[in-house]
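Examining the three-dimensional arrangement
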Amino acid sequence: MRRSYFFAIVIAGGVVVIFTLLFFIFDNPYSRLNPTPEVVIDQIDLAEQLPPLANQTADVELITVWTGAALGMTTGVDGQRLVFYDQDKQKIVVTEFDGSGIQELSDTLLGVEVMDVSPTREQAWLRLTAPETQEAITLVYDFRAQEAVRLENGIKSIDWSPDGSELAYYVEREGASPAIKIVARNGIEPRTVRDAVTVQDPIIDWYAPDALAYWLAPSSTRPSSVITMNTFGQNAVELSGSVPAQQALFSPDGTYALVSFNDPTTGKPVVQLSTTADRTLQTLPLTTWIDKCTWMDDSARALCFVPRDLPGGFTYPEDDDATRSYRDQLWLIDAATARPQLIFETQESIADARLPFAAQTGTRLNFWVRASDTAGAGGAGLTVVSLDISDKVISPSVPGSDQPDTTQETNNATGDDSVNLTY
């Protein structure tokens, strides 16, 4: 009997061992209860890389308002709600400032690649590609009527007039002379501003009621000037001379402009503040570029994100890619004195803050962020974050006033809201 008990115990033990091995092979509880360090790191990154949603906390200054693919995001008629093209829904939508309460402003619009809302927030121009012909098409879409007007083919760059009643554009297509034109928002009777203007990859900016500017899309190997002229194509002058990777950002009233380019000597991005009337330029002690800057609605102050971690030999725009982690600081620039002041440091998990835009109320700054482990650029598939700046933005100074110099070295290595729209 004892021998039979012994064999029974041995057999039972063997069965237990076999089942235990199979259990560990096919369903290892250790891998679930004690993940490998790599899994733990990934989970921590995903949990901490973005600020909380607005409905998760009521007392933080930095919140996540939108995650997804979107184009042309800006503020709505009240200066605070958000208007943009939702690439997943393929519609123009409006939400509350925190991304909640989404409403549709358009029918389904397929293939939209670029969008810009008018200063009145009543229309938007859209660029898309015809599925059948692959031809570039530019539309002006009316939010109220939910109807679109098609402009002429071959438009390479386009911008709204400050009052939103017209658009200026550069057109170039086979069989027609390249030109800069102006057209009413209903698409009727375009007029030529300058004919036989041949430029490669131009950017048009209608920055004042009677003034246009254009320059070339930034490239480190192709110098470009910022050319200004009146809306009849006369008095063309250089606001800034020809340098690599140049681009401009005009204040809402057209009085000032931020100009960024790669310094021909050091190769580093440089930002200058220009007064458009006399074309004076002042170099700011901030190593950053236009994609990281915006103007406040009063045109008296600008805001720029400035990288803390900028590698040696960095060249804009070629090296500005998804592999970089900039750990940006936010600086306020007083236009009257050209003095910058550090007002906020982003959390380390926000690798890249770009394309900022301020609420017209002056209380919040919205910007796109790229998490440290996320690829992509421009806004597609990224995240919009909103920062409360109501206690950070100081009043603009009066020229000639006696104020302390807050300038520091960095880089250690008007919209019209009176329109009564339904949204």
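Just so we're clear, the structure is a prediction, and the values are computed from it rather than from any experiment.

With that out of the way, let us pick up the sheet that holds strand E4 (residues 91-95). Strand pairing in a sheet is mediated by backbone hydrogen bonds. Such pairs are either parallel or antiparallel. In space, the four strands of this open sheet follow the order E2-E3-E4-E5, with antiparallel pairing throughout. The open sheet has two edge strands with one neighbour each: strand E2 (70-75) and strand E5 (103-104). Sheet topology places E2 next to strand E3 (residues 82-86); four bridges connect them, and they run antiparallel. Within E3, the residue paired with Ala-70 across the bridge is Asp-86.

Right, let's get into the state of the cysteines. By the definition in use, this model includes one disulfide. Disulfide partner of Cys-293: Cys-304, at an S-S distance of 2.1 Å. Measuring the twist about the S-S bond at about 115 degrees, one finds the Cys-293-Cys-304 disulfide to be right-handed. Of the two residues, Cys-293 sits in strand E22 (residues 293-295) while Cys-304 sits in strand E23 (residues 301-307), which places them 11 residues apart along the sequence. Accessibility expressed as a relative area gives 5% for Cys-293, which makes it buried. By relative accessible area, Cys-304 is classed as buried at 0%.

Below, the discussion takes up the pattern of salt bridges. Scanning all chains against the criterion turns up 18 salt bridges. For Arg-144, the salt bridge identified is with Glu-122, shortest N-O distance 2.9 Å. Taken together, the residues Arg-144 in the loop between strand E8 (136-142) and strand E9 (147-150) and Glu-122 in the loop between strand E6 (112-117) and strand E7 (123-129) connect sequence positions 22 residues apart. On the basis of relative accessibility, which here comes to 49%, the residue Arg-144 falls in the partly exposed class. For Lys-392, the salt bridge is made with Asp-391, and the minimal N-O distance between the two is 3.4 Å. Where salt bridges share partners, they join Asp-291, Lys-292, Asp-320, Asp-328, Asp-352 and Arg-354 into one cluster.

About the criteria used
Each chain carries its own residue numbering, running from 1 in the written order of its sequence. pLDDT decides what is reported in this predicted model: residues at 70 or higher carry local features, side-chain atom pairs at 80 or more are listed and counted, and totals for whole chains, interfaces and linings draw on all residues regardless. The basis for every side-chain value is the complete set of heavy atoms in the structure, and neither hydrogens nor water enter the calculation. Two strands qualify as a pair provided that DSSP identifies no fewer than 2 bridges between them. Helix and strand assignments follow DSSP, with helices taken as H or I runs no shorter than four residues and strands as E runs no shorter than two, numbered in order from the N terminus. When the sulfur atoms of two cysteines come within 2.5 Å, that pair is taken as a disulfide. Exposure classes here rest on a 1.4 Å probe applied to the protein chains alone. A residue is buried below 20% of its type maximum, exposed above 50%, and partly exposed in between. Whenever Lys or Arg places a side-chain nitrogen within 4 Å of a carboxyl oxygen from Asp or Glu, that contact is recorded as a salt bridge.

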